[in-house]
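Each chain, letter by letter, is given below.
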Amino acid sequence: MNHKVIIEPFRIKTVEKIKMTTENERKNLIKNAFYNPFLLKAEDVIIDLLTDSGTSAMSADQWAGILKGDESYAGARSWYKMKDAIQNMTGYEYILPTHQGRAAEHLLYGKIGGKGKVFISNTHFDTTRANIEYSGAKAIDCPIPEGLIPDLDHPFKGNMDTRALEENILKYGKENIAAVILTVTNNSGGGQPASLQNAKEVSEICQKYGILFILDSCRIAENAYFIKQREKQAKEMTYLEIAQKMFSYADGTIMSAKKDALVNMGGFLALKDKNLFNSLMTALIVTEGFATYGGLSGRDMEAIAIGLKEVFEHDYLHYRIRSTTYLGEKLKDMGISVISPIGGHAVYIDAKAFYPHIPVEQFPGQALTIELYKTGGIRAVEIGSVMFGAKDDKGNFVPAKMELVRMAIPRRVYTQSHIDYVVEVFAELLKYKDKVKGYKITWEPEFLRHFTAHFEPV
Ligand SMILES: *Cc1c(COP(=O)(O)O)cnc(C)c1O
């Protein structure tokens, strides 16, 4: 029998207490945090949906592995376990461990980037773009047009627009394209998957012009789940086989282990090409650590090796994707506008539709994150004009393309009743949504203002 209720496929062995707060306490706490959820103390949050990065719960096997970690400086046993797991998953021979994903990005894109170089991606994740631009190179996003329409259903909204890819290669000249990067799932595009067919086509174009093809594989297992559900050729394949096939199309990969390796810290770079690997080794040793640990402890590497196996288990992936979809569908049923189809790791709410009476220059997304906290102690993140809004030459406000609020789901951390609670809080917010007012910024830093800006109700 196929049961309708999909249970968490784990029992809870260790628990972490959630500190309960009252609405009155939270009104003060958020005021004292200058109405910026990033400035709250984490212990004052009841359900923390700020990010899925580094927030996973590790398994009993991973914790047992932590005790077995080999902390030798060179050639540690734990390094060989991590290397084996990565080689098995990717099929690539040359592995460089790093303390997190962006360190791998800095190594590779710093080396092959620089002034005059161009990178093309389905969508560059923010640290990816930052590392590319920091090197002096240019980053161009080529998502398929369907990927930019929030409520349009499409099985692979994370795909790269291969026509736009080829046009850009011809426009900038193939010798100036440092790499093509396919991000799976497409984080900035709402956690939407890219298909095997798309990876194959991107690979063929890269081969035709002799361009390096890199997979940003932070959420490769979640992407494989969607492929198995939605792409005919993959129906009989295992999730690991799907991932292996996807890796086979690329020349290398960068992975933040804080996502689908189910650990709290770590990352790596894996390559097919020995020369490129050798050319990065010195920089790795100078900035991260010796080649058999990068910036990682032996115990971290042990946990990554185990996490990379656990993440491809059917029961885990089924529960993972289902629990994200569950939240998205419940909100949709209440008439709340969310990005669809629901992605792998997060639910994105259209805050402009939720608070149509709040003008974009008064940040409807920020208002929604503040109401979520005050009413339910829930922490989410604004992805709208606070994060991406700008000023033109005359000092006029230029809003972001969309005013979204992202609720990212940590892996194996919350149960269905936690999520039901989030849904209930939304039902309450709907009741008095016309009364909610916007916010203004009272202080902001020069860069990346969303992390530290101060706000005040209008
Ligand atoms: C998180 C992330 C990164 C960067 O990894 P960190 O470990 O946070 O440095 C790069 N690309 C994507 C798609 C990510 O989600």
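Model, not experiment: these values are computed from the prediction. (Residues numbered from 1 in each chain as written. Predicted model: local features only at pLDDT ≥ 70, side-chain atom pairs only at ≥ 80, totals over all residues. Heavy atoms only, no water.)

1. Comments concerning the domain arrangement of the protein chain
Under the domain assignment used here, the protein chain contains domain 1 (23-52 + 314-457) and domain 2 (60-310). Computed from C-alpha atoms alone, the centre-to-centre distance between domain 1 and domain 2 is 28 Å. Taken residue by residue, the interface counts 20 residues in domain 1 and 24 residues in domain 2. Where domain 1 abuts domain 2, roughly 1,900 Å² becomes buried across the two surfaces, and 54% of that area is made up of carbon and sulfur atoms. The largest per-residue losses of area from domain 1 upon contact with domain 2 belong to Leu317, Pro341 and Arg411, which jointly make up 27% of the total buried on that side. At the surface where domain 1 touches domain 2, the tally comes to five salt bridges. As a salt-bridge pair, Arg411 and Glu222 come within 3.1 Å of each other at their nearest N and O atoms. Looking at the side of domain 1 that touches domain 2 residue by residue, the class counts come to nine nonpolar, six polar and five charged. (Domains from an automatic or database assignment. Contact = heavy atoms within 4.5 Å. Buried area = accessible area lost by both parts, 1.4 Å probe. Salt bridge = Lys/Arg side-chain N within 4 Å of Asp/Glu carboxyl O. Nonpolar A, V, L, I, M, F, W, Y, C, P; charged D, E, K, R; others polar.)

2. Topic: the site of the ligand
Around the ligand, 14 residues are found, and the nearest of them are Gly101, Arg102, Asp216, Ser256 and Lys259. Within the side chain of Lys259, one N or O atom sits 2.7 Å away from an oxygen atom of the ligand. Out of a free accessible area of 380 Å², the ligand has 98% covered by protein chains. A per-element tally of the shell around the ligand places helix 4 (residues 101-112) first, with three residues. Across the shell around the ligand, the residue classes break down as two nonpolar, six polar and six charged. (Near = heavy atom within 4 Å. Polar contact = N/O pair within 3.5 Å; in protein donor to acceptor, adjacent residues only side chain to side chain. Areas by Shrake-Rupley, 256 points an atom, 1.4 Å probe, with all protein chains shown as cover. Helix = DSSP H or I, 4+ residues; strand = E, 2+ residues; numbered from the N terminus.)

3. A word on a nonpolar patch on the surface
A surface patch of nonpolar side chains, about 370 Å² in accessible area, is lined by Phe447, Leu448 and Phe451. With respect to the secondary-structure elements, Phe447 resides in the loop between strand 15 (439-443) and strand 16 (454-457). (Patch = residues over 30% accessible without salt bridge, like charges linked within 9 Å, V, L, I, M, F, W, Y side chains within 5 Å.)

4. Overview of the layout of surface pockets
There is about 1,400 Å³ of room inside the second largest pocket. In terms of lining, the second largest pocket is formed by 38 residues, of which the most central are Thr14, Ala57, Met58, Arg412 and Val413. Contributions of two or more residues to the lining of the second largest pocket are made by helix 2 (60-68) and helix 12 (314-333). In terms of residue count, helix 2 provides more of the lining of the second largest pocket than any other element does, three residues in total. In terms of residue class, the lining of the second largest pocket is made up of 17 nonpolar, nine polar and twelve charged. Domain assignment of the residues forming the lining of the second largest pocket places at least three in each of domain 1 (23-52 + 314-457) and domain 2 (60-310). (1 Å grid on protein atoms, 1.4 Å probe; cavity = no way out; pocket = protein on both sides within 12 Å on 5 of 7 lines; lining within 4 Å. Points joined across faces, edges and corners; volume = space filled by probe spheres on them.)

5. Describing the pattern of salt bridges
Per the stated rule, a full pass over the model turns up 19 salt bridges. The partner of Arg379 in a salt bridge is Asp48, and the shortest N-O contact between them spans 2.8 Å. You can see Arg379 sitting in strand 10 (residues 378-379) and its partner Asp48 sitting in strand 1 (residues 47-48), a full 331 residues away along the chain. Overall, Arg379 belongs to the buried group, its relative accessible area being 6%. Between Glu166 and Lys208 there is a salt bridge whose closest N-O contact spans 2.7 Å. One end of the pair, Glu166, is in helix 6 (residues 162-172); the other, Lys208, is in helix 7 (residues 196-209), with 42 residues separating them in the sequence. (Buried < 20%, exposed > 50% of the residue type's maximum accessible area, 1.4 Å probe, protein only.)

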